[in-house]
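# Reading the structure
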Amino acid sequence: MTDSIHPSPLAIGATPLTMPIIISGPCSAESERQVMETAKGVAQAGVKVFRAGIWKPRTKPGGFEGVGSKGLPWLRKVKETTGMFVATEVATRHHVEQALEAGIDLLWIGARTTANPFAIQEIADALRDSAMEIPVLVKNPVNPDLELWIGAIERLYNAGVTRLGVIHRGFSTYGLDTYRNHPQWRIPLELRTRYPGLPVICDPSHIGGRRDLICPLSQQALDMGFDGLIIECHCSPDRALSDSAQQLTPEALAELLSGLVYRNTPVPPDSLNSLRGEIDRLDGELLDILAKRMSISREIGEYKLSHRMPVVQPERYAGIVASRISRARDLGMSEDFMRVILAAIHEESVRLQVEIASKVK
């Protein structure tokens, strides 16, 4: 996706989606009664776009994989009854064709599908062949790979899909973690930096995996300037056939939305200049210090080479990490932040030393 590509405003038909965009509804459409009951509650909460999964990709066979195309008329009924727009996930050409025929207003592509260029191309070709303009949201891939995410967006844009946005739903984690999918906020923020016109919507349900995390994650996303939220909501979440722990009741959704703070007050042009000037000065000092550190890393590389020492010494690095993180805590900085910084510095130091070693025949 080149810098010259600018997606059209995210709109359904001729109706622009207002910022912040709020999308809500059940993880899965399970029955007509469940869909309609949830939709009425979601509409009463002021939501304009209703979501429900029709086809559900599951990690293992045997789980609830969605009701399939028989649920599409239920979404059409939601549209006719409540006036909300309706959205669902697609993963194949067949899904796209059936969703468009049913009058679905917005499509999203799931994390597993985003990671598969063949599947993305199939969806892109189906949208090109349909010649219908429909907004498409692309979830981040399961693994934290920004280029893979961008590649999916680019395939869709090249097929003529210009009403594009993305959904940040976090990245898979292994072992114990606060989140179901770790947010790794730096990745969607980097995407925003590269393509400031691309709407970025946060999925706090899939990031948190628990109801109690949805509110703080939603507020955090809005505070960072995200363009909207997609939140799972179910009329009886404890009895949901998929992702029950991360779905809100319509009443809880309404309470959450009414309590969110939207920080959209214009900032006076000169109000932050002095502080931003201080940041610029400190960034310059950081760059000077990093340059000096890398210069010393090169000298260490030369020493290791001449003394036949291995480039990487795990015990030394482990000691550095432990001591720096301890110091960072004393200074009020988070452990996660310091680990990312140290890992980046170490990776560059190793690269420089390997480069020195590789020049010797």
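Presented here is a report on the structure given in the accompanying data block. (Residues numbered from 1 in each chain as written. Predicted model: local features only at pLDDT ≥ 70, side-chain atom pairs only at ≥ 80, totals over all residues. Heavy atoms only, no water.)

### Observations concerning the nonpolar core
Residues Phe50, Leu127, Leu156 and Leu191 are the most contacted members of the largest nonpolar core, which totals 68 residues. The leading source of residues in this core is helix α6 (residues 146-158), at 6 residues. Residues in contact with Leu156, not counting those within four places in the same chain, are Ile109, Ile123, Ala124, Leu127, Val136, Val138, Val161 and Leu164. Core analysis: the next-biggest nonpolar cluster, separate from the first, contains 14 residues, Leu17, Ala87, Trp108 and Ile230 among them. (Core = buried A, V, L, I, M, F, W, Y, C linked by side-chain atoms within 4.5 Å. Buried < 20%, exposed > 50% of the residue type's maximum accessible area, 1.4 Å probe, protein only. Helix = DSSP H or I, 4+ residues; strand = E, 2+ residues; numbered from the N terminus. Contact = heavy atoms within 4.5 Å.)

### Quick look at the packing of α6 against helix α7 (residues 186-194)
The interhelical angle for the contact between α6 and α7, taken along N-to-C directions, is 50 degrees, at an axis separation of 10 Å. One finds that α6 runs oblique with respect to α7. Considering only the axes of α6 and α7, their crossing is right-handed. Contacts between α6 and α7 involve Leu146, Glu147, Trp149, Ile150 and Ile153 from the former and Ile187, Pro188, Glu190, Leu191 and Arg194 from the latter. Residues belonging to the contact of α6 with α7 are distributed by class as follows: 7 nonpolar, no polar and 3 charged. (Axes fitted to C-alpha atoms, helices over the stretch in contact; angles between N-to-C directions. Parallel < 35°, antiparallel > 145°, perpendicular 65-115°, else oblique. Left-handed = near helix turned anticlockwise from the far one by under 90°. Nonpolar A, V, L, I, M, F, W, Y, C, P; charged D, E, K, R; others polar.)

### Points about the pairing of strand β12 (residues 228-232)
Of all the 5 residues making up β12, 5 are buried; the element is thus mostly covered by neighbouring parts of the structure. Alternating residues of β12 divide into Gly228, Ile230 and Glu232 and Leu229 and Ile231, and every residue in both groups is buried. As paired strands, strand β3 (residues 21-25) and β12 are joined by 5 bridges and run parallel to one another. Bridging from a neighbouring strand, Ser24 pairs with Ile231 of β12. (Pairing = 2+ DSSP bridges.)

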